Amino acid sequence: PMDIQLRGIHHGYPIGGTFTPVIEDVSLDIAPGEFVALLGPSGCGKSTLLRLVAGLEPPHAGQVLAGGVPVSGPGPDRIVMFQDPTLYPWRTVRANVALSRDIAGRRDDAAVDAAIAMVGLKGFERAWPHQLSGGMAQRAALARALVNEPRLLILDEPLGKLDSLTRLTMQTELLRLWQKRGFTVIMVTHDVEEALLLATRVVTFSTRPARVISDVSIDLPYHRH
Ligand code: ADP
Ligand code: ADP
């Protein structure tokens, strides 16, 4: 698992023609293997913070360190998963999962099959994305995220659009994989119950610009690796 350090992060965008601060002096130390849930009002800057951690854009000020190294771009060690599973429609489930393995420069059929089995999609390798339910598509996206064995999983409301039963299944799945694999997770969610069920730590942000207003550790027996 990977540790993440945010040091005095400031960021902003021109909104309505005026530069607007979106993240204001956020510092966080995330230890390897933590499962951190980020809560906060809509539009406060949570997704922006995830993009900075993912290396999709650089902060205006401050530093993001991953594994002690300054983040200067996206990397296969830090995988992002968004609310909408972006599977390529012209590729089968298996090809979608294998694609990310190919991009990472390792062709390994066994790892692809293992990732598909891990999320319970055995038997659906040759299915097309349009044949999958929302939950199954999200599982396929999870398999694709996990196939390269990332040390950090960055999740932006990954289960937000699923029905409550599928969401519960996926929450259990995610928890089990995290316990087994021991990667670090940073997850934005609007669901307080989800945060309390999964996370070892819940960080809450203010309205825009996002500042940390609370940072609470949670110690539950099933969190133990
Ligand atoms: P959250 O994830 O907490 O809902 P976001 O990080 O998506 O919030 O957005 C924070 C604020 O920054 C919002 O006001 C949003 O409109 C604005 N914003 C986000 N990304 C951009 C961008 N690339 N350009 C301009 N404004 C942006
Ligand atoms: P979320 O899914 O977290 O709610 P969105 O990606 O929908 O966040 O963006 C939230 C707000 O940020 C929206 O109002 C959107 O218009 C604005 N925004 C996001 N990305 C950009 C961008 N590249 N340029 C301008 N505005 C953006």
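Per an unreviewed UniProt entry, the protein goes by the name ABC transporter ATP-binding protein and belongs to Gluconacetobacter azotocaptans. For the record of the protein, the UniProt heading Sequence similarities (unreviewed entry) holds the text "Belongs to the ABC transporter superfamily."

Draft legend 1. Main features of helix α5 (residues 164-181). Its 18 residues give α5 an end-to-end C-alpha distance of 25 Å, which sits within 8% of 26 Å, the value for a rise of 1.5 Å per residue. Restricting attention to buried positions, one finds in α5 the residues M170, Q171, E173, L174, L175, L177 and W178. If you follow the buried residues of α5, they end up packed against β3 (35-39), α3 (109-118), α4 (134-146), β7 (152-156), β8 (184-188) and α6 (192-198). Note on α5: the residue one or two positions beyond its end, G182, has a positive phi of about 70 degrees.

Draft legend 2. Up close: the pattern of salt bridges. Tallying each qualifying case throughout the model produces 9 salt bridges. Between D191 and R167 there is a salt bridge; the shortest N-O distance is 3.8 Å. Of the two residues, D191 sits in the loop between β8 and α6 while R167 sits in helix α5, which places them 24 residues apart along the sequence. Linked by salt bridges that have partners in common, E34, R201 and D215 make up one network.

Draft legend 3. Geometry of α3. Within α3 the residues assigned to the buried category are A111, V112, A115, I116 and M118. End-on view of α3: buried residues confined to an arc of 160 degrees, all on one side of the axis. For α3, the exposed residues lying more than 90 degrees away from the buried face are D109 and A110. A positive phi of about 75 degrees marks G120, the residue just after α3.

Draft legend 4. Molecular detail of the sheet that holds strand β1 (residues 4-15). In space, the 4 strands of this open sheet follow the order β2-β1-β4-β5, with antiparallel pairing throughout. Here the strands that pair on one side only, and so sit at the sheet edges, are β2 (18-30) and β5 (69-70). Pairing geometry for strand β4 (residues 61-66) and β5, over 2 bridges, is antiparallel. Residue A66 lies in a different strand from β5, and its bridge partner there is V69. In the packing of helix α1 (residues 46-54) onto the sheet, contacts are made with β1, β2 and β4, and the angle to β1 comes to roughly 125 degrees.

Draft legend 5. Focus on empty space enclosed by the protein. Within the structure shown, the criterion is met by 2 cavities of 30 Å³ or more. As for the largest cavity, its lining consists of M81, L142, L155, P158, L159, M170 and L174. Counted by class, the lining of the largest cavity contains 7 nonpolar, no polar and no charged residues. There is about 30 Å³ of room inside the second largest cavity. Mapped onto the lining of the second largest cavity, the elements with two or more residues apiece are β2 and α1. At 3 residues, α1 tops the list of elements feeding residues into the lining of the second largest cavity. Across the lining of the second largest cavity, the residue classes tally to 8 nonpolar, no polar and no charged.

Draft legend 6. The site of ligand 1, seen in detail. The immediate surroundings of ligand 1 are formed by 13 residues, with G43, K46, S47, T48 and R208 found nearest. Within the side chain of K46, an N or O atom sits 2.8 Å from an oxygen atom of ligand 1. A distance of 2.6 Å separates an oxygen atom of ligand 1 from a polar atom in the side chain of T48. The greatest single-element share of the shell around ligand 1, amounting to 4 residues, is contributed by α1.

Draft legend 7. Spatial organisation of the packing of aromatic side chains. Applying the stated criterion to the full structure yields 2 aromatic pairs. Measuring from centroid to centroid gives 5.6 Å for F35 and W178, while their planes differ by 75 degrees, and the two rings are edge-to-face. Taken as a pair, F35 in strand β3 and W178 in helix α5 lie far apart in primary sequence, 143 residues in all. Since its relative accessible area comes to 0%, F35 is described here as buried.

Rules of the game
The written sequence of each chain sets the order in which its residues are numbered from 1. Here chains are named by letter from A upward and ligands by number from 1 upward, in the order in which they appear as written. For this predicted model, a pLDDT threshold of at least 70 governs which residues receive local features, and a threshold of 80 or more governs which side-chain atom pairs are given and counted, while totals over whole chains, interfaces and linings are taken from all residues. Only hydrogens and water are removed before side-chain values are computed, so all heavy atoms of the structure are retained for them. UniProt positions are given in the numbering used here, feature names are shortened, and annotations may be inferred rather than shown by experiment. A helix here means a DSSP run of H or I that spans at least four residues, while a strand means a run of E at least two residues long, and both kinds are numbered starting from the N terminus. Given the number of residues in a helix, its expected span is that number minus one, multiplied by 1.5 Å. When a residue's accessible area, from a 1.4 Å probe over protein chains only, is under 20% of the maximum for its type it is buried; when over 50% it is exposed; and in between it is partly exposed. Whether two residues are in contact is decided by their heavy atoms, any of which lying within 4.5 Å being enough. Any carboxyl oxygen of Asp or Glu within 4 Å of a side-chain nitrogen of Lys or Arg constitutes a salt bridge here. Summarising the geometry, the arc corresponds to the directions from the helix axis toward the C-beta atoms. At least two DSSP bridges between two strands are required for those strands to pair. For helices, the fitted axis covers only the stretch in contact; all axes are lines through C-alpha atoms, and the angles between them, taken along N-to-C directions, range from 0 to 180 degrees. Using a 1 Å grid laid over the protein atoms alone, points where a 1.4 Å probe fits but cannot get out form a cavity; open sets with protein on both sides within 12 Å along at least 5 of 7 lines form a pocket; any residue with an atom within 4 Å of a point counts as lining. Grid points are joined across faces, edges and corners, and a volume is the space filled by probe spheres set on the points. Note that Gly is not counted as nonpolar here; it falls among the polar residues with everything else outside the nonpolar set of Ala, Val, Leu, Ile, Met, Phe, Trp, Tyr, Cys and Pro and the charged set of Asp, Glu, Lys and Arg. Residues are labelled near a given molecule or strand when at least one of their non-hydrogen atoms is within 4 Å of it. Any pair of N or O atoms that falls within 3.5 Å is considered a polar contact. Within protein, one atom must be able to donate a hydrogen and the other to accept it, and sequence-neighbouring residues count only if both atoms are side-chain atoms. Note on aromatic contacts: the rings of Phe and Tyr and the six-membered ring of Trp form a pair at centre separations within 6.5 Å, being stacked when their planes are under 30 degrees apart, edge-to-face when over 60 apart, and tilted otherwise.

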